[in-house]
Amino acid sequence: PSTAHRILNVLVEYRMVDRVEPGTYRLGIRLLELGNLAKTRIDLRQEALPYMQRLHDELEETVNLSVRQDDEMVYVERLTSDRSAMRVAHLIGARAPLHVTAVGKLFLLGDGEDSVREYVARNGLAVYTRNTIRDTESLCRELEKVRRVGYAFDNEEAEKGVSCVGAGIYDDEGRLVAGLSVSAPSNRLDRSWGPRVKEVAETISRAIGFRAGARAA
């Protein structure tokens, strides 16, 4: 007890803990300040890359990290496949509308149905291939499928011959902040990869501070 008391006195001095009353302490404001400082220094790309590399090594296909900017997804990191024949060749910095990407569908789902309808009214549903979703009701039905499984597919909706499976990455406040996805020529993409992509996305979420039960409504 005497050792614990000395340690606590030092922590009080540095505002790591507050003395509520004799024998009772609580976490101090300095810990909150340090926590916020650490949060601002988190580099999503840096945290995600090791897990992206493992997934890339495992599946031998292109692995993407993307973030939302307004009504588009922007690719901020990519590990490309070296396999021969048809390859996925999007560049870092490339953009795509939410409704044609796997990860974009996750963001639309998180927005809620009213916001989805506003998205459609604001942008329309630009058609890129014969598989692109073209009406609001079809989009809402697709998003309900995403809700049930926790990951999403782009079924040649953005580019003919290329498919994608993606899952969401959440921060310490439970907010959807990015997406992890695997792109491949459609004849190579295995839909059973969905749970694995979701698992890796959840690992990245925990690496940037997400905790179970913290997901924003």
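Higher on the page you've got the structure.
My aim in this report is to walk through the structure given alongside it, one point at a time. (Residues numbered from 1 in each chain as written. Predicted model: local features only at pLDDT ≥ 70, side-chain atom pairs only at ≥ 80, totals over all residues. Heavy atoms only, no water.)

Attention shifts here to the side chain of Thr132. Take Thr132: it is sitting in the loop between helix H5 (113-123) and helix H6 (136-149). You can call Thr132 buried: its relative accessible area is 3%. Among the polar contacts listed, one links the side chain of Thr132 to the backbone nitrogen of Tyr128, at a separation of 3.0 Å. At 3.0 Å, the side chain of Thr132 and the backbone nitrogen of Thr129 are in polar contact. Among residues more than four places away in sequence, those in contact with Thr132 are His99, Val100, Ala126, Val127 and Glu157. (Helix = DSSP H or I, 4+ residues; strand = E, 2+ residues; numbered from the N terminus. Buried < 20%, exposed > 50% of the residue type's maximum accessible area, 1.4 Å probe, protein only. Polar contact = N/O pair within 3.5 Å; in protein donor to acceptor, adjacent residues only side chain to side chain. Contact = heavy atoms within 4.5 Å.)

Counted under the stated rule, the structure contains two aromatic pairs. Ring geometry for Tyr151 against Phe153: centres 5.9 Å apart, planes inclined by 80°, an arrangement best described as edge-to-face. For Phe153, a relative accessible area of 10% corresponds to the buried category. Arg78 extends its terminal NZ or CZ atom over the ring of Tyr75, reaching a point 4.6 Å from the ring centre. (Phe/Tyr/Trp six-rings, centres within 6.5 Å; stacked < 30°, edge-to-face > 60°. Lys NZ or Arg CZ within 6 Å of the ring centre and 35° of its normal.)

Turning next to the sheet that holds strand E7 (residues 162-170). The six strands lie next to each other as E5-E4-E3-E8-E7-E6, forming an open sheet whose pairing is antiparallel. At either margin of the open sheet sits one strand with a lone partner, and together these are strand E5 (95-97) and strand E6 (152-155). Pairs of neighbouring strands in the sheet enclose a mean axial angle of 30°, with direction left out of account. With nine bridges joining them, E7 and strand E8 (residues 176-185) adopt antiparallel strand pairing. (Pairing = 2+ DSSP bridges. Axes fitted to C-alpha atoms, helices over the stretch in contact; angles between N-to-C directions.)

Counted under the stated rule, the structure contains 16 salt bridges. The partner of Arg175 in a salt bridge is Glu173, and the shortest N-O contact between them spans 3.5 Å. Relative accessible area serves as the criterion here: at 41%, Arg175 is assigned to the partly exposed category. The partly exposed category is assigned to Glu173, whose relative accessible area is 41%. What emerges from the salt-bridge pattern is a single network uniting Arg68, Asp71, Asp111 and Arg122. (Salt bridge = Lys/Arg side-chain N within 4 Å of Asp/Glu carboxyl O.)

Moving on, we come to the pairing of strand E1 (residues 17-21). Pairing between E1 and strand E2 (residues 24-27): four bridges, direction antiparallel. Looking across to E2, one finds that Asp18 is bridged to Arg26. As consecutive antiparallel partners, E1 and E2 are separated by two residues, and within that stretch Gly23 has a phi angle of approximately 85°, a positive value.

H6 packs onto H5 with a crossing angle of 140° between their chain directions and a minimal axis gap of 11 Å. Between H5 and H6, the crossing angle belongs to the class labelled oblique. Crossing angle aside, the handedness with which H5 passes H6 is right-handed. Along the contact surface, H5 presents Glu113, Val116, Arg117 and Val120, while H6 presents Thr136, Glu137, Leu139, Cys140 and Leu143. Its residues assigned to classes, the contact of H5 with H6 comprises five nonpolar, one polar and three charged. (Parallel < 35°, antiparallel > 145°, perpendicular 65-115°, else oblique. Left-handed = near helix turned anticlockwise from the far one by under 90°. Nonpolar A, V, L, I, M, F, W, Y, C, P; charged D, E, K, R; others polar.)

A word on the nonpolar core. Counting residues in each nonpolar core, the largest one holds 24 residues, and the members touching the most others are Leu55, Val165, Ile169, Leu180 and Val182. Where this core is concerned, the elements lending two or more residues are helix H3 (44-59), strand E3 (62-69), E7, E8 and helix H7 (194-207). One finds Met73, Leu106, Leu139 and Val146 within the second-largest nonpolar core, a separate group that totals 22 residues. (Core = buried A, V, L, I, M, F, W, Y, C linked by side-chain atoms within 4.5 Å.)

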